[in-house]
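Report on the structure
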Amino acid sequence: MKEVHPGIFSIREGGGLSGVVKPPENVYIIAGSDGLIFDAGYGTKKAIKALIKEIGIIKKIYEEKGKQFNLTRVIPSHSHPDHFSGLKLLREKLGLKIVLTKEMAETIKNEDNFSKSFEESSEDYFKIKKKKKKSPDRLGIKIRRKLYRWFYRHGYGVSYIDDPEELIDENSEIVINGDDRWKVFPSPGHAIDHISLYNEKKGILFSGDNILQHITTWLGPPTCNIEDYVKSIETIQNLPNLNLILPAHGIPIENPAERIAEILKHRQERADQVMGLIVNNRNSGITPTEIINELYPNERRFIHGLARGWVCLTLKMFEEKGLIKKTPGKKEYKFLPL
Ligand SMILES: [Zn+2]
């Protein structure tokens, strides 16, 4: 636990599986008489126990100083399992109200809705579907779904919420401790229902997964969108008085303008690289796998797998803009300039 700003504490939850499949997560406590938890983290018993222990330490510090400490609400940044899984147990153990936007509530209300938010993968966009293989494919999807569900339940401690205490609009305001006003605004791109919290007076933004200090935000189908992502980052860039970003993973960002400019530049460079490769292969076309091999020549297969997400979205974006077209190749589609 660390006090990242007077009255705001960051509790770092341990991840697992080398930190990539299950990344360490920051849960933020805005302390006070009517305090709020931002992002619920993992929902395993172990994670919740550790979280409550840390909250107990903060409470003790407050009480020793004669200050009131009472948490009343919890709100996640978006409906990915490392952010909402802890909601149910936190409500149960701490008597909190669960606050969701209508969009998040729809996704996490049950397993079927949640599954739909990640089932389609880059492969569905890249790979040539063979008609003959119809039934084995369906079996493949079934197995994939089962594996994901098992993993989310046991690895992340996912539990679904069909009865949140409060539904709020994506554009609204949350008042904490009587006079601490936080603007809620949509920031889609990494997830369709992603929101950010901003306190203009303090100059503090809770950025969720959108802006991270050392790593690039994951982007991939089905619910991510690169143009939305860039727009969200530009909205954040224009926030008046922004001086500290508190992200869901990693350390606080004390140079917001610099980091935001870096992210925007990186996205532009990546898009230009993909377009460059397509133009260079204007006669034969180029497949997504070939693009990834060109861009990540020395990386492991796992990194290639992660990269498929943003490459897929970038190709989709170019296609929608009428800049490229796809034609069937051997196993994958090939992309050509228009
Ligand atoms: Zn996420």
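Keep in mind that this is a model prediction, so the values were computed, not measured.

Rules used throughout
Residues numbered from 1 in each chain as written. Predicted model: local features only at pLDDT ≥ 70, side-chain atom pairs only at ≥ 80, totals over all residues. Pairing = 2+ DSSP bridges. Helix = DSSP H or I, 4+ residues; strand = E, 2+ residues; numbered from the N terminus. Axes fitted to C-alpha atoms, helices over the stretch in contact; angles between N-to-C directions. Contact = placed C-beta atoms within 7 Å. Domains from an automatic or database assignment. Nonpolar A, V, L, I, M, F, W, Y, C, P; charged D, E, K, R; others polar.

Before going further, it helps to examine the sheet that holds strand 2 (residues 8–13). Read from one edge of the open sheet, seven strands run 1-2-3-4-5-6-7, paired in mixed fashion. Because the sheet does not close on itself, it has two edges, and the strands there are strand 1 (2–5) and strand 7 (166–168). Within the sheet, the average angular offset between the axes of one strand and its neighbour, ignoring direction, is 30 degrees. Here helix 1 (residues 45–64) sits on the sheet and contacts strand 2 and strand 3 (25–30); the angle it forms with strand 2, its principal contact strand, is near 155 degrees. Across the sheet, helix 3 (residues 87–94) lies against strand 4 (35–38), strand 5 (71–75) and strand 6 (97–101), angled at about 175 degrees from strand 5, the strand it touches most.

What follows is about the domain arrangement of the chain. For interface size, the figure often reported is the accessible area lost on association. We note that the domain assignment places domain 1 (2–113 + 158–254) and domain 2 (263–337) within the chain. Relative placement of domain 1 and domain 2: their C-alpha centres are 33 Å apart. Listed per partner, the contact involves twelve residues of domain 1 and twelve residues of domain 2. Grouping the amino acids of the side of domain 1 that touches domain 2 by side-chain chemistry returns eight nonpolar, three polar and one charged.

Quick look at the pairing of strand 14 (residues 333–337) now. Bridge analysis of strand 13 (residues 324–328) against strand 14 gives five bridges, and the strand direction is antiparallel. For Ile324, the partnering residue across the bridge sits in strand 14 and is Pro337. Linking strand 13 to strand 14, which pair antiparallel, is a turn of four residues.

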